[in-house]
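Results of the structural survey
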Amino acid sequence: MLPRYGGTGGRYRYKAYVIVDSSASPTIKSEEGDCARFMQSIGWTVLHRPPLVPLFPVPSDVSSTADSSATFDELVKAGYVGVQRPKTGDTARQPGERLNKLPMFLYNEGCCGDTELLKLHIYGIVGHELAVHLDFDSLILRPMDDLFDVMLGKQNDDKVASSLAIAKLPHSKPVDFSRPIDAAFTRDYNSVKHPEANSPVGYQGGFFIVRPSLAVLERYRKILQRGEFTLNPRKGWGNKHGNFYGDATFQGILPYYYEDIAPPGEHNELELDRCIYNQMADNPRKSTHRFPRATPLNPNIMGYEDTNICRDGRKDCSDTDCQRMHPKDSITAHFTFCGKPWHCSPGLPGTVALETCIGLLSEWYGVRRELEDWWLLPRKETIDESIDVSFSQRSFYRDEQTISRVHIKRQGPLQPDVYKGYCDAKGNSGYLNMMGPDGLKK
């Protein structure tokens, strides 16, 4: 029942944060605050941050109205960004373009609208040498020690750097391993609408590692303040980073910063192999379906088939066939194409990705089982202050009723070998929710 592919604990200690804006604060008594409250209850630190949403220009002497709770200046002081578009040039506001067009556009963009910009606050966690952003639908399969060593310049020899799973694709830049690395990421080739070697490609927004810097965070504020995202035609940030999924928010603003805004030579960034890090089990080739799809086992039954077009613009992309990558070979996973574990996803039946997806989903349920077992241990068997101070903040299942419900929620009949007893049926309604801990040990 436990994880099959996970590694042992890594050498690096960590602290877990969840970044929220005011609408998702744990202080909110409604369900909007439930997620942050739960994360707080299991020891995560909640960081309240503004979403860096660009505002449309408002004179600073305008008072609050019935439609606003603060003046423009107060919002800017709170961390929101006032737009000051250039008056001339390719990225200037076009005749007839509304002042608030970009903010309103961002509001509905991509999966999560302008709240995606909250992720930029990873640069502000300056109390740590490295900060790792992971979307909530991610899973760490094995420690990332070798990557952290290389990013911090602490590798013992050149073999560590040479063994890293590095992308070697048309947009990948050479990496100087004699210097510390400022950022590590994967690109989202699935979002490219017209795959060619020179087509703009965004960074995948579910996985990103940086060396925190307030100076870099301030540069992002300036980017948003200028609001130089070109629409009609949609060419994106700086008139060149756009026309792909998520281009207006996190996935587009990152490459714009590193490739166009950052001072030349200041940063040393690393594009990782997306089958190893941030593994999504994606198909490297376009499908005849209008959306990205895994390779079908029987195209006649599925109604679509692969084309010969590689999403990264190369002629041969068989070396990045993530849909066929065994879970034991990946380091982190991102549940996008495979579906969410808490939706009791069937994986991708009828495709070559099914085995990979089922393996990753099963591993997620195994990690849940491992965590619950950890919380079920009697306290005397779990406290060892000599190992790590974090053990003094452990959460436990203590109440007999809670313990009983934990075991009841392990009796789902759906394919116990895959879903570990946590699903009654496939789909959202089939998932047996995890019990929260009774409290923190003080």
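Residues numbered from 1 in each chain as written. Predicted model: local features only at pLDDT ≥ 70, side-chain atom pairs only at ≥ 80, totals over all residues. Heavy atoms only, no water.

1. Notes on the sheet that holds strand E11 (residues 269-271)
Hydrogen bonding along the main chain pairs the strands of a sheet, whether they run parallel or antiparallel. The 4 strands are arranged E5-E8-E7-E11 in an open sheet whose pairing can be described as mixed. The sheet terminates laterally at strand E5 (131-134) and E11, the two strands that pair on one side only. Taken over all neighbouring pairs, the strand axes of this sheet differ in orientation by 20 degrees on average, direction set aside. Relative to the sheet, helix H7 (residues 250-261) contacts strand E7 (183-187), strand E8 (203-210) and E11, its axis offset from that of E8 by approximately 50 degrees. (Pairing = 2+ DSSP bridges. Helix = DSSP H or I, 4+ residues; strand = E, 2+ residues; numbered from the N terminus. Axes fitted to C-alpha atoms, helices over the stretch in contact; angles between N-to-C directions. Contact = heavy atoms within 4.5 Å.)

2. A word on the pattern of salt bridges
If you walk through the whole model with that rule in mind, you get 23 salt bridges. When the shortest N-O distance is used, the salt bridge between Asp 149 and Arg 11 registers 2.7 Å. One end of the pair, Asp 149, is in helix H4 (residues 145-152); the other, Arg 11, is in the segment before strand E1 (17-20), with 138 residues separating them in the sequence. Residue class for Arg 11 comes out exposed when judged on its relative accessible area of 53%. Residue Arg 221 is joined to Glu 218 by a salt bridge in which the shortest nitrogen-to-oxygen separation is 3.5 Å. Of this pair, Arg 221 and Glu 218 both sit in helix H6 (residues 214-226), separated by 3 residues, roughly a single helical turn. The class for Arg 221 is partly exposed, based on a relative accessible area of 22%. Ionic contacts of the salt-bridge type, sharing partners, join the residues Arg 368, Glu 372, Asp 373 and Arg 410 into one network. (Salt bridge = Lys/Arg side-chain N within 4 Å of Asp/Glu carboxyl O. Buried < 20%, exposed > 50% of the residue type's maximum accessible area, 1.4 Å probe, protein only.)

3. Quick notes on the environment of Arg 274
Position of Arg 274 relative to the elements: it lies in the loop between E11 and strand E12 (285-287). With a relative accessible area of 7%, Arg 274 lands in the buried category. Measuring from C-alpha to C-alpha, the distance between Arg 274 and Cys 322 comes to 7.5 Å, with 48 residues separating the pair along the chain. If we skip the residues at most four places from it in the chain, Arg 274 touches Leu 169, Thr 186, Arg 187, Tyr 189, Gln 279, Met 280, Asp 282, Pro 284, Thr 320 and Cys 322. For Arg 274, the side chain forms a polar contact with the side chain of Asp 282, separated by 3.0 Å. (Polar contact = N/O pair within 3.5 Å; in protein donor to acceptor, adjacent residues only side chain to side chain.)

4. Considering the state of the cysteines
With the rule as written, the count across this model stands at 4 disulfides. Through a disulfide, Cys 275 is tied to Cys 322; the S-S separation comes to 2.0 Å. The disulfide joining Cys 275 to Cys 322 has a torsion of about -80 degrees about its S-S bond and is therefore left-handed. Pair noted here: Cys 275 is in the loop between E11 and E12 and Cys 322 is in the loop between strand E13 (306-310) and strand E14 (332-334), with a separation of 47 residues, a long-range link. (Disulfide = S-S within 2.5 Å.)

5. Observations concerning the confidence of the model for the protein chain
Per-residue confidence for the protein chain averages 86 on the pLDDT scale, and 88% of its residues sit at or above 70. Within the protein chain, E14 carries the highest mean pLDDT (98), whereas strand E16 (residues 439-440) carries the lowest (56). Low pLDDT, under 50, characterises residues 386-393; the stretch is placed with 8 contacts to residues that sit more than four places away or in other chains. (pLDDT = per-residue confidence, 0-100.)

6. Side note on the packing of aromatic side chains
Within the structure shown, the criterion is met by 20 aromatic pairs. Plain terms: the ring middles of Tyr 123 and Tyr 220 are 5.1 Å apart, the flat faces sit at 40 degrees to each other, and that makes the pair tilted. On the criterion of sequence distance, the pair formed by Tyr 123 in the loop between helix H3 (101-107) and E5 and Tyr 220 in helix H6 is long-range, its members being 97 residues apart. Taking the relative accessible area as the measure of exposure, Tyr 123 reaches 1% and is therefore buried. Overall, Tyr 220 belongs to the buried group, its relative accessible area being 0%. By way of ring pairs, the aromatic residues Tyr 123, Phe 185, Tyr 203, Phe 208, Tyr 220, Phe 250, Tyr 257 and Tyr 258 are connected into one cluster. (Phe/Tyr/Trp six-rings, centres within 6.5 Å; stacked < 30°, edge-to-face > 60°.)

7. A look at the pairing of E8
On a regular strand, each side chain points to the face opposite its neighbour's, so the side chains alternate between the two faces of the sheet. Burial analysis of E8 places 8 of its 8 residues in the buried class, the great majority of the element. In the sheet, E5 pairs with E8 via 4 bridges, with the strands oriented antiparallel. Note on E8: the bridge partner recorded for Val 132 is Ile 209. When E7 meets E8, the two strands line up antiparallel, connected through 4 bridges. Counterpart to Ala 183 in the pairing with E8 is Val 210.

8. Things to note about unusual backbone geometry
Here Ala 281, not a glycine, exhibits a phi torsion of approximately 60 degrees, which is positive. Position of Ala 281 relative to the elements: it lies in the loop between E11 and E12. Here Ala 281 falls in the buried class, since its relative accessible area comes to 1%. Look at Lys 420: it is not a glycine, yet its phi comes out positive at around 60 degrees. Relative to the helices and strands, Lys 420 is located in the loop between helix H11 (416-419) and E16.

9. A look at H6
In an α-helix, one turn spans 3.6 residues; hence positions three or four apart end up facing the same way. With 13 residues, H6 should cover 18 Å at 1.5 Å per step; its first-to-last C-alpha distance of 19 Å lies within 8% of that length. Among the residues of H6, the N-terminal cap falls to Ser 213, whose side-chain oxygen and the backbone nitrogen of Ala 215 are separated by 3.3 Å. Where H6 ends, the next residue or the one after it, Gly 227, has phi of about 60 degrees, a positive value. (Expected span 1.5 Å × (residues − 1).)

10. Remarks on the nonpolar core
Membership of the largest hydrophobic core comes to 30 residues, with the highest contact counts inside it found for Leu 120, Tyr 123, Phe 208, Tyr 220 and Tyr 258. Apart from residues no more than four positions distant in its own chain, Tyr 220 is found in contact with Leu 120, Tyr 123, Ile 253, Leu 254, Tyr 257 and Tyr 258. (Core = buried A, V, L, I, M, F, W, Y, C linked by side-chain atoms within 4.5 Å.)

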